[in-house]
Structures are given as C-alpha cells and as structure tokens.
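# Coordinate analysis (summary)
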Amino acid sequence: MSIESTLAKVDTDLREHRDDLARRRLRGLVSSYPTDLTIRRRFAKAYHDWMHAAQVGRWNFLDDALTWPELEAFERQFRDPARRLKLLVWPDPERNPPSTPTARRRLAILHREATGRLPAWSDLPDDSREEILPVPSAPLASDEQLRELRRRLAA
C-alpha cells in the first residue's frame, strides 16, 4: 500500500473517530518510512487534533511548523535528551542526516545534547557547531493559545 493511500485511510479513520486505528497506521508508516518528514507532519497534525502537545512537539520536532509551546511540552515530558532522540525514531542519527536544513540542524543539536558529540555527517549545518538551542522558526503562540495549552497540560 502506498503512503498516499495509507494517509487517505488515516484521514477517513480520523473523520470516523477511529483514532487508535489512525495512530496504528501512522506508526506503521513511520516504521516503514522513518525519514519521510511528510508522514511526521501528518502524525503531528493528528496529535494536535487530539490536543496532545508533547506528541505534537515530538513529531514536529524536525519541521519548521514546530512552535515553542510544542517544543516545551515535548522537552518537559521527556527531559532526557537521549530519550528524546530515541523517541524521534530517526534511523542511525549518527550517520543519516535529514533532508531539510531545519531538520538537520535540530537533529544535530539534539544528537550533541544526547551523546556529547556532533553527528558524523559530511554537511553539518554551521550553527550546529555553536552552543545554541533549537529555535523553532514558527511564530510564537498567542497569549490565548498559551493559556489554552497550559489549561490542557494542567488537566
């Protein structure tokens, strides 16, 4: 089954409130195509709809769409950088760079935080050599969105 047809089934599952089946299909896609950032983006959208900020942060971590509240929720739930790196389910992050500059920079920084060394990629992003945090390029959430996120996280 193709990625597109599986994602179409995920959309149908979500419309029909079969969230567990949609989640299993998405996990299967990530397992089969772990470097496909489109699948990760779709997983993040599903978790956004389910209002699970830490998982949105997990699946959006390598994407430009990542927001500060999502990143904070992911880091708060999974404080250990090695655990966060493992949860990204990226195959061989030491030697296998992602396809986009944002994803390469964020994975390189997380790899360094988790292991104490930079990945062995030939094309490391320049800013991954500096002591910086992964700064999402997406705009910060509004005050109202932050209040709503805090309310959901406190529940």
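Let us look at the structure shown here. (Residues numbered from 1 in each chain as written. Predicted model: local features only at pLDDT ≥ 70, side-chain atom pairs only at ≥ 80, totals over all residues. Heavy atoms only, no water.)

### A look at the side chain of Thr 6
Mapped onto the elements of the fold, Thr 6 is located in helix α1 (residues 3–15). Note on Thr 6: relative accessible area 8%, which makes it buried. For Thr 6, the residues in contact, after removing those within four places along its chain, are Met 1, Arg 25 and Leu 29. (Helix = DSSP H or I, 4+ residues; strand = E, 2+ residues; numbered from the N terminus. Buried < 20%, exposed > 50% of the residue type's maximum accessible area, 1.4 Å probe, protein only. Contact = heavy atoms within 4.5 Å.)

### Side note on helix α7 (residues 101–115)
Here α7 is 15 residues long and its end C-alpha atoms lie 21 Å apart, about the 21 Å a rise of 1.5 Å per residue gives. Most of α7 sits inside the fold, with 11 of its 15 residues counted as buried. For α7, the set of buried residues is Thr 102, Ala 103, Arg 104, Arg 105, Arg 106, Leu 107, Ala 108, Ile 109, Leu 110, His 111 and Arg 112. Buried positions along α7 lie against α3 (37–49), α4 (53–60) and α6 (81–87). Within two residues after α7, Gly 116 carries a phi angle of roughly 85°, on the positive side. (Expected span 1.5 Å × (residues − 1).)

### Quick word on helix α2 (residues 19–32)
Taking 1.5 Å of rise per residue, 14 residues should cover 20 Å, and α2 covers 20 Å from first to last C-alpha, within 8% of that figure. Within the span of α2, buried status applies to Ala 22, Leu 26, Leu 29 and Val 30. Within α2, the buried residues cover an arc of 100° as seen down the axis, which keeps them to one side. Residues of α2 that are exposed and point over 90 degrees away from its buried face: Arg 24, Ser 31 and Ser 32. (Arc of directions from axis to C-beta.)

### Description of the pattern of salt bridges
Following the criterion strictly, the structure yields 10 salt bridges and no others. Of the charged contacts, one joins Lys 45 and Asp 49 as a salt bridge, the two residues approaching to 3.2 Å between their closest N and O atoms. Here Lys 45 pairs with Asp 49, and both are found in helix α3, just 4 residues apart, close to one helical turn. A relative accessible area of 46% means that Asp 49 is categorised as partly exposed. Close ionic contact of Arg 95 with Asp 92 constitutes a salt bridge, the shortest N to O distance being 3.7 Å. Taking relative accessible area as the criterion, Asp 92 reaches 41% and is therefore assigned partly exposed. Each of Asp 13, Glu 16, Arg 18 and Arg 25 takes part in salt bridges that share partners, so that together they form one network. (Salt bridge = Lys/Arg side-chain N within 4 Å of Asp/Glu carboxyl O.)

### Here's the deal with empty space enclosed by the protein
Rolling a probe over the atoms, with the probe sized like a water molecule, indicates the empty space that remains. Here the structure, examined in full by the defined rule, presents 1 cavity of 30 Å³ or more. Of the volumes computed, that of the largest cavity is approximately 30 Å³. Lining the largest cavity are Leu 37, Arg 40, Arg 41, Trp 59, Leu 62 and Asp 63. For the lining of the largest cavity, the element with the most residues is α3, which contributes 3 residues. Looking at the lining of the largest cavity residue by residue, the classes come out as 3 nonpolar, no polar and 3 charged. (1 Å grid on protein atoms, 1.4 Å probe; cavity = no way out; pocket = protein on both sides within 12 Å on 5 of 7 lines; lining within 4 Å. Points joined across faces, edges and corners; volume = space filled by probe spheres on them. Nonpolar A, V, L, I, M, F, W, Y, C, P; charged D, E, K, R; others polar.)

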